Amino acid sequence: MTRKIIIDTDPGQDDAVAILLALASPDDIDVLGITAVAGNVPLPLTSKNARIVCELAGRTDVPVYAGCDAPLSRKLVTAEHVHGKTGLDGPVLPDPTMPLAPGHAVDFIIDTLRNQDPGSVTLCPLGPLTNIARALQQAPDIAGRVQEIVLMGGAYFEVGNITPAAEFNIYVDPEAAEIVFKSGIKLTVMPLDVTHRALVTPHRNDAFRALGHGVGHAVAEMTDFFERFDKEKYGSEGAPLHDPCVIAYLLRPDIFHGRFINVEIETGSDLTLGMTVADWWRVSGRTPNATFMNDVDADAFFDLLTERLARL
Ligand code: BDR
Ligand code: CA
């Protein structure tokens, strides 16, 4: 059965690979729409990049909506130091010819959830959670209609990547994250604890390049670009491919491992703002609200990704 999803995203090279993985899997995943949010780069670029990626995949039929251009109550923090000035630095890709879909991303999320059968749509946020939180604020009734939220964000044992305590997506809009984590919606979280195990080694990147088509090349060049930052920072063999973990989970949940635990978002402290306080050892007595992943079979993940990208 195909699973209906909305991808909420701030592309970002790893967001781009996640979108490509979903679009390469039409028998399993029906992408109802892509909603862009400000994050890695400002909204005009993320909403443009999402369309560049759809065109790269030959899928101009997928509607791309522009959403919130700033976090709920904070100034936007961006990550050009990782993703480059455009957010998609690396390959040279043409500007998109497809227009943005008319209307606001938040309205699209609300309308879709109201119009589709209850429990039939999964939300896949790959950036700051602003659009999703706004939708829940504007239309609380949609919470009961979401099948599941599978998101990339947070960290516990790996601690932070944008501050010593916080992962980027949660840090950029912690108030939005708090709304999502307290929404009561079934939540599956791909934190740095798992994404830091999905490293694009040279061998794995060669496999993308060896696909011998435009998509394979573009993906190899994207990861070539953004891995320079992580390799230097972590001394690792390659960069973590964060966001594709969300889509891979929809296709192969069996290759991920985690625990159903309580996760709270720090919104008050300057020092630890945006930290995902994950009760891994179940010591708080607080009610579990999220399946928080901590491991993935990386070989199976890259085999899946390469096999699916080959289909584009
Ligand atoms: C997350 O932040 C962004 O830079 C990536 O696209 C990913 O969603 C990793 O912390
Ligand atoms: Ca992202």
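Residues numbered from 1 in each chain as written. Chains lettered and ligands numbered in written order. Predicted model: local features only at pLDDT ≥ 70, side-chain atom pairs only at ≥ 80, totals over all residues. Heavy atoms only, no water.

A few points about the overall build of the protein
Helix and strand counts for the protein stand at 12 helices and 10 strands. Taking 20 Å as the expected radius of gyration for a compact globule of 312 residues, we find that the protein reaches 18 Å, a close match to that expectation. Along the first, second and third principal axes, the C-alpha atoms of the protein reach 50 × 45 × 40 Å. Counting across all 312 residues of the protein, residues that qualify as buried make up 59%. The contacts of the protein with a sequence gap of at least 6 include a subset with a gap of at least 24, amounting to 82%. (Helix = DSSP H or I, 4+ residues; strand = E, 2+ residues; numbered from the N terminus. Rg over C-alpha atoms; globule rule 2.2 N^0.38 Å. Buried < 20%, exposed > 50% of the residue type's maximum accessible area, 1.4 Å probe, protein only. Contact = heavy atoms within 4.5 Å.)

A word on the coordination of the calcium ion (ligand 2)
Those protein atoms acting as donors to the calcium ion (ligand 2) are D10 (OD), D15 (OD), D15 (OD), L126 (O) and D243 (OD), and they sit at 2.3 to 2.6 Å. Here the donor residues for the calcium ion (ligand 2) map to a single chain with the spacing D-x4-D-x110-L-x116-D. Of the two residues, D15 is situated in helix α1 (residues 13-23) and L126 in the loop between β4 (121-125) and α5 (130-138); the sequence distance between them amounts to 111 residues. The residues D15 and L126 share a single accessibility class, namely buried. (Donors = N, O, S within 2.8 Å, 3.2 Å for Na, K, Ca; no water.)

Brief notes about helix α7 (residues 174-181)
Most of α7 sits inside the fold, with 6 of its 8 residues counted as buried. When α7 is considered as a whole, its buried residues turn out to be P174, E175, A176, A177, V180 and F181. In this structure, the buried side of α7 is in contact with α5, β5 (146-152), α6 (168-172), β6 (187-190), β8 (263-265) and β10 (290-296).

Some words on the pattern of salt bridges
Throughout the structure, instances matching the rule amount to 15 salt bridges. Note that D95 and K48 form a salt bridge whose closest N and O atoms lie 3.1 Å from each other. Within this pair, whereas D95 is found in the loop between α3 (80-83) and α4 (105-115), its partner K48 is found in helix α2 (residues 43-56), the two being separated by 47 residues in sequence. Take K48: its relative accessible area is 26%, and that puts it in the partly exposed class. The partner of D206 in a salt bridge is R209, with the nearest N and O atoms 3.8 Å apart. (Salt bridge = Lys/Arg side-chain N within 4 Å of Asp/Glu carboxyl O.)

A word on the nonpolar core
Side chains that are nonpolar tend, in soluble globular proteins, to be buried together. With 62 residues, the main nonpolar core has I247, F256 and F301 as its most contacted residues. Residue contributions to this core peak at 8 residues, all from α1. With near-sequence residues (within four places) excluded, F301 lies in contact with A198, L241, P244, C245, A248, I255, F256 and V296. Counting 39 residues, the second largest nonpolar core, distinct from the first, contains V121, I170, F181 and W280. (Core = buried A, V, L, I, M, F, W, Y, C linked by side-chain atoms within 4.5 Å.)

Brief notes about the sheet that holds strand β2 (residues 29-36)
Pairing is mixed in the open sheet, where 8 strands are placed in the order β3-β2-β1-β4-β5-β6-β10-β7. The open sheet has two free edges, formed respectively by β3 (64-66) and β7 (256-261), since each of these has just one partner strand. Taking the axes of each pair of neighbouring strands and ignoring which way they run, one obtains an average angle of 25 degrees across the sheet. In terms of strand pairing, β5 meets β6 through 4 bridges, oriented parallel. (Pairing = 2+ DSSP bridges. Axes fitted to C-alpha atoms, helices over the stretch in contact; angles between N-to-C directions.)

What about the state of the cysteines?
Two cysteines whose sulfur atoms are joined by a covalent bond form what is called a disulfide. Scanning all chains against the criterion turns up 0 disulfides. C245 provides the cysteine sulfur closest to C124, a residue in no disulfide bond, and the two sulfurs are 13 Å apart. (Disulfide = S-S within 2.5 Å.)

Some thoughts on the packing of helix α9 (residues 202-209) against helix α12 (residues 298-309)
Across the interface, α9 lies against α12 with an axial gap of 10 Å and an inter-helix angle of 15 degrees. Taken as axis vectors, α9 and α12 run roughly parallel relative to one another. Two packed elements cross with a definite hand, and for α9 against α12 that hand is right-handed. Together, R204, A207 and F208 of α9 and A298, D299, F302, L305, T306 and L309 of α12 make up the contact between the two elements. The class makeup of the residues in the contact of α9 with α12 is 6 nonpolar, 1 polar and 2 charged. (Parallel < 35°, antiparallel > 145°, perpendicular 65-115°, else oblique. Left-handed = near helix turned anticlockwise from the far one by under 90°. Nonpolar A, V, L, I, M, F, W, Y, C, P; charged D, E, K, R; others polar.)

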